[in-house]
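Understanding the architecture of this molecule
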Amino acid sequence: MQVEQVPSPNFNDRKHAVDMLVLHYTGMESGEAALARMCDPAAEVSAHYMVWEEGRITQLVAEDRRAWHAGVSVWQGDTDLNSRSIGIEIVNGGHDVPLSDGTLPPYPDAQIAAVIALCKGILSRHDIPASRVVAHSDIAPARKTDPGEHFPWAQLAAEGIGLWPSSAPLSLDESSLMPGDSGPAVSDLQNMLCTIGYGLEATGTYDETTRLVISAFQRRYVPAQITGAADPETLERIANVYGLFAGAA
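Rules and cut-offs
- Every chain begins its residue count from 1, and numbering advances along the sequence as written.
- Local features in this predicted model are restricted to residues whose pLDDT is 70 or higher, and side-chain atom pairs enter the listing and the counts only when it is 80 or higher, whereas totals over whole chains, interfaces and linings include all residues.
- Side-chain numbers come from the whole structure's heavy atoms, not from hydrogens or water.
- Comment: elements are numbered from the N terminus, with helices defined as DSSP H or I runs of at least four residues and strands as E runs of at least two.
- How far a helix is expected to stretch is found by multiplying one less than its residue total by 1.5 Å.
- Residue contacts follow a heavy-atom distance rule, with two residues in contact if any of their heavy atoms lie within 4.5 Å.
- What makes a nonpolar core is a set of buried Ala, Val, Leu, Ile, Met, Phe, Trp, Tyr and Cys residues whose side-chain atoms join them at distances within 4.5 Å.
- Only protein chains enter the calculation, and the probe is 1.4 Å; a residue is then buried if its accessible area is under 20% of its type maximum, exposed if over 50%, and partly exposed in between.
- Think of a polar contact as two N or O atoms within 3.5 Å of one another; within protein, one of them needs to be a possible hydrogen donor and the other a possible acceptor, and neighboring residues in sequence only count if both atoms come from side chains.
- In this scheme Phe, Tyr and Trp rings, the latter by its six-membered ring, pair at centre separations within 6.5 Å, and the angle between planes marks the pair as stacked below 30 degrees, edge-to-face above 60, and tilted otherwise.
- Criterion for a charge above a ring: Arg CZ or Lys NZ at most 6 Å from the ring centre, at most 35 degrees from the ring normal.
- UniProt positions are given in the numbering used here, feature names are shortened, and annotations may be inferred rather than shown by experiment.
- For helices, the axis comes from a line fit to the C-alpha atoms of the stretch in contact; other axes are also lines fit to C-alpha atoms, and the angle between any two N-to-C directions lies between 0 and 180 degrees.
- Here the angle decides the label: under 35 degrees means roughly parallel, over 145 means roughly antiparallel, 65 to 115 means roughly perpendicular, and every other value means oblique.
- Handedness of a crossing follows from how the near helix is turned relative to the far one, being left-handed for an anticlockwise turn of less than a right angle and right-handed for a clockwise one.
- Under this grouping Gly is polar, as are all residues other than the nonpolar Ala, Val, Leu, Ile, Met, Phe, Trp, Tyr, Cys and Pro and the charged Asp, Glu, Lys and Arg.
- What counts as a salt bridge is simple: a side-chain nitrogen of Lys or Arg found within 4 Å of a carboxyl oxygen of Asp or Glu.
- Each domain's extent is set by a domain assignment, obtained either automatically or from a database.
- By convention, the term buried area covers the 1.4 Å-probe accessible surface removed from two parts as they join, with the contributions of both added.

Some details on helix α3 (residues 109–125)
- The first and last C-alpha atoms of α3 sit 25 Å apart over 17 residues, in line with the 24 Å expected at 1.5 Å per residue.
- The secondary structure elements touched by the buried residues of α3 are β3 (20–25), β4 (49–51), β5 (57–59), β7 (85–90) and α5 (153–158).

So, the nonpolar core
- Counting 28 residues, the largest nonpolar core has W75, I139, L189, L193, I196, Y198 and F217 as the members making the most contacts within it.
- Among the elements of the structure, β3, α6 (184–196), α7 (208–221) and α8 (232–248) are those that each provide at least two residues to this core.
- Ignoring any residue separated from it by four or fewer positions in sequence, one finds I139 in contact with M20, V22, A70, S73, V74, W75, L81 and V134.
- Of all hydrophobic cores here, the second largest spans 25 residues; its members include L23, I112, I122 and F151.

Let's talk about the environment of H136
- Tracing the backbone shows H136 in helix α4 (residues 136–139).
- Residue classification places H136 among the buried residues on the basis of a relative accessible area of 4%.
- When the C-alpha atoms of H136 and M192 are compared, they prove to be 20 Å apart, with 56 residues separating the residues in sequence.
- H136 has contacts with V22, L23, H24, H69, A70, R143, K144, D146 and P147, leaving out every residue within four places of it along the chain.
- Here the side chain of H136 touches H24 through a polar contact of 3.0 Å, side chain to side chain.

Some words on the packing of aromatic side chains
- For the structure shown, the criterion picks out five aromatic pairs.
- Clustering of aromatic rings is evident, with ring pairs tying together Y107, F151 and W153.
- The side chain of R220 reaches across the aromatic face of W153, ending 3.9 Å from its centre.

Points about the UniProt feature "domain: N-acetylmuramoyl-L-alanine amidase" (unreviewed entry) in the protein chain
- Mapped onto this structure's residue numbering, the UniProt feature "domain: N-acetylmuramoyl-L-alanine amidase" (unreviewed entry) falls at residues 6–148.
- The annotated region residues 6–148 carries 23% helix and 19% strand content, and the separation between its end C-alpha atoms amounts to 26 Å.

Describing the packing of α6 against α7
- Packing of α6 against α7 brings their axes to within 11 Å, and their N-to-C directions diverge by 55°. Judged by the inter-axis angle, α6 sits oblique to α7. The handedness of the crossing between α6 and α7 comes out as left-handed. Residues L189, Q190, L193 and I196 of α6 form the contact with α7, whose own contacting residues are T210, V213, I214 and F217.
- Taken together, the residues of the contact of α6 with α7 sort by class into six nonpolar, two polar and no charged.

Brief notes about the pattern of salt bridges
- Within this structure, the stated rule accounts for 13 salt bridges.
- Residues D78 and R132 are paired through a salt bridge, measuring 2.9 Å at the closest nitrogen-oxygen approach. Taken together, the residues span a long stretch of sequence, with D78 in the loop between β6 (65–67) and α2 (81–84) and R132 in the loop between α3 and β8 (133–135) at a distance of 54 residues.
- Overall, D78 belongs to the buried group, its relative accessible area being 18%.
- For the salt bridge of D138 with R220, the shortest nitrogen-to-oxygen distance reads 2.7 Å. Linking D138 in helix α4 with R220 in helix α7, this pair joins segments that are 82 residues apart in sequence.

Looking at the domain arrangement of the protein chain
- Structurally, the protein chain comprises domain 1 (4–159) and domain 2 (181–247).
- The gap between the C-alpha centroids of domain 1 and domain 2 is 24 Å.
- Every contact between the two is made by 16 residues of domain 1 and, on the other side, 13 residues of domain 2.
- Summed over both partners, the interface of domain 1 with domain 2 buries about 1200 Å², with 60% contributed by carbon and sulfur atoms.
- In this structure, the connection of domain 1 to domain 2 is made through two salt bridges.

So this is what it looks like as structure tokens:
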């Protein structure tokens, strides 16, 4: 795997060992525009790697340095995720630059193959648990939607990158939880989401923070229905993912 070097000035020293991998999309008109921004000192943003549509890989920041990609974020109780993570920007307009028909631009096969190869290399060099391979939207659900509901997380998990629930048929019941609900069932839901890693408290009230976290969860695990409501399918997926993450903790 060939990696071209385009050093960015936007980095500093880490305060923690690397134990996370964060995937993003660039959300800009082109890879060239994204690369220029991540190399602009005034932008104060960067990532360790950028993966182009055709599969080309550019490294901007050395893995032992703290790139500036995660922003204000939290996962499994940890903050300053820039100090703990390696960030990969994937060239894709996403929600910021959709296609002319309003749909999200696809991730080309060559690009995903390169992302998988890059991730495998990173995981071979660092002790990163599968439960800490995350989307930007996972760690900052109130601010971010990348890498988007069209990103093939199941394909990455099949290659040993991150976790994905069983594809067994769901045995759905009729229960659901909605914004505004409160009580022990909401607390249980919030506790499961906290165990997975999302940054929220078990208040027992289905508040706006809970709605945003549910939307982030759906974006990754139930991408056909990003509603922020915990419908029966979402509840079962949360329980399945909770089991995976609890076992990987």
